[in-house]
Amino acid sequence: MQTVKKSRHTKETEIEITFNPEGSGNYKINTPIKFFNHMLELFCAHSMTDLCIDAKSLDCDPHHLVEDCAITLGSAIRESLGDKSGINRYASVILPMDEALIMCAVDISGRAYLKCDIQIKEEKTADFETVLLAHFFASLTQSAGITLHLKMLEGQDPHHIIECTFKAFAHAIRQAISKDLKNQNKILSTKGVL
């Protein structure tokens, strides 16, 4: 595993990311969406990864900003894990936050797939459009090459649901990328590759 720097510059956004999968939960997040900043900060704190993001929106469209942050972060995660030898690969978490309860299961598989069963009635919470939750994870899983299942078991408050989802994902990623002490130098696949 290694620290990776990635950038994405389009006519819509400018994204700069540094990601360390073996960090200690340090972060420096700067995007125009305050709630999104908070979600990325707690992702780092709970996954124990280090992340610096400097993201600028050139077209003032939060959809493009969240999407491009997710694409760039996913790419950084993928590259930082190298050939994925010695990692646990799989992890699952059921995480509560007040009335919200989210199940998250991840496979660092090299195959992109997202099943996101999270229903939020409200269109916004703070300055974040709730439809962007699923879009963030769809873009991230595609770019990272991971399989991800997210399911809301309980929840009412959109802030709690979204925060609980990011925290569940963080804890699942933390477990999945952790070293498997019984399988330190091998890739956990009969194919020999992930």
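Coordinates for the structure precede this section.
Analysis parameters
- Residues numbered from 1 in each chain as written.
- Predicted model: local features only at pLDDT ≥ 70, side-chain atom pairs only at ≥ 80, totals over all residues.
- Heavy atoms only, no water.
- Pairing = 2+ DSSP bridges.
- Helix = DSSP H or I, 4+ residues; strand = E, 2+ residues; numbered from the N terminus.
- Axes fitted to C-alpha atoms, helices over the stretch in contact; angles between N-to-C directions.
- Salt bridge = Lys/Arg side-chain N within 4 Å of Asp/Glu carboxyl O.
- Disulfide = S-S within 2.5 Å.
- Parallel < 35°, antiparallel > 145°, perpendicular 65-115°, else oblique.
- Left-handed = near helix turned anticlockwise from the far one by under 90°.
- Contact = heavy atoms within 4.5 Å.
- Nonpolar A, V, L, I, M, F, W, Y, C, P; charged D, E, K, R; others polar.

As summarised here, the arrangement of the four strands in space is β1-β2-β4-β3, forming an open sheet in which the pairing is mixed. With one partner strand each, in any of the chains shown, β1 (4-9) and β3 (27-30) form the two edges of the open sheet. Across the sheet, the axes of successive neighbouring strands diverge by a mean angle of 5 degrees, strand direction being ignored. In this structure, β3 lies alongside strand β4 (residues 50-57), joined through four bridges in parallel fashion.

As enumerated under the stated definition, the model contains seven salt bridges in all. Here D107 makes a salt bridge to R111, at a shortest N to O gap of 4.0 Å. Where salt bridges share partners, they join R89, D107 and R111 into one cluster.

Turning our attention to the state of the cysteines. Evaluation of the coordinates by the stated rule reveals zero disulfides. Between C52, a cysteine without a disulfide, and C44, which holds the nearest cysteine sulfur, the sulfur-to-sulfur distance is 8.4 Å. Unpaired in this structure, C164 has its nearest cysteine sulfur neighbour in C104, at a distance of 10 Å.

Once that is clear, we can look at the packing of helix α2 (residues 62-80) against helix α3 (residues 132-144). α3 packs onto α2 with a crossing angle of 30 degrees between their chain directions and a minimal axis gap of 7 Å. One finds that α2 runs roughly parallel with respect to α3. In terms of crossing hand, the pair formed by α2 and α3 is right-handed. Facing α2, whose interface residues are P62, H63, V66, E67, A70, I71, L73, G74, S75, I77 and R78, α3 presents L132, H135, F136, S139, L140, Q142, S143 and A144. For the contact of α2 with α3, the per-class residue count stands at ten nonpolar, seven polar and two charged.

For the rest of this paragraph, the subject is the sheet that holds strand β5 (residues 90-97). Two orientations exist for strands paired in a sheet by backbone hydrogen bonds: parallel and antiparallel. Spatial ordering of the open sheet is given by β5-β6-β10-β7, a layout of four strands whose pairing is mixed. The open sheet has two edge strands with one neighbour each: β5 and β7 (113-117). Between one strand axis and the next, the sheet turns by 10 degrees as a mean value, whatever way the strands run. Note: β7 against strand β10 (residues 147-154), five bridges, orientation parallel.

Let us now look at the pairing of β1. Note that β1 and strand β2 (residues 13-20) share six bridges and pair antiparallel. Each residue of the ladder has a partner; that of K5, found in β2, is T18. Counting the residues between successive antiparallel strands, the hairpin from β1 to β2 contains three residues.

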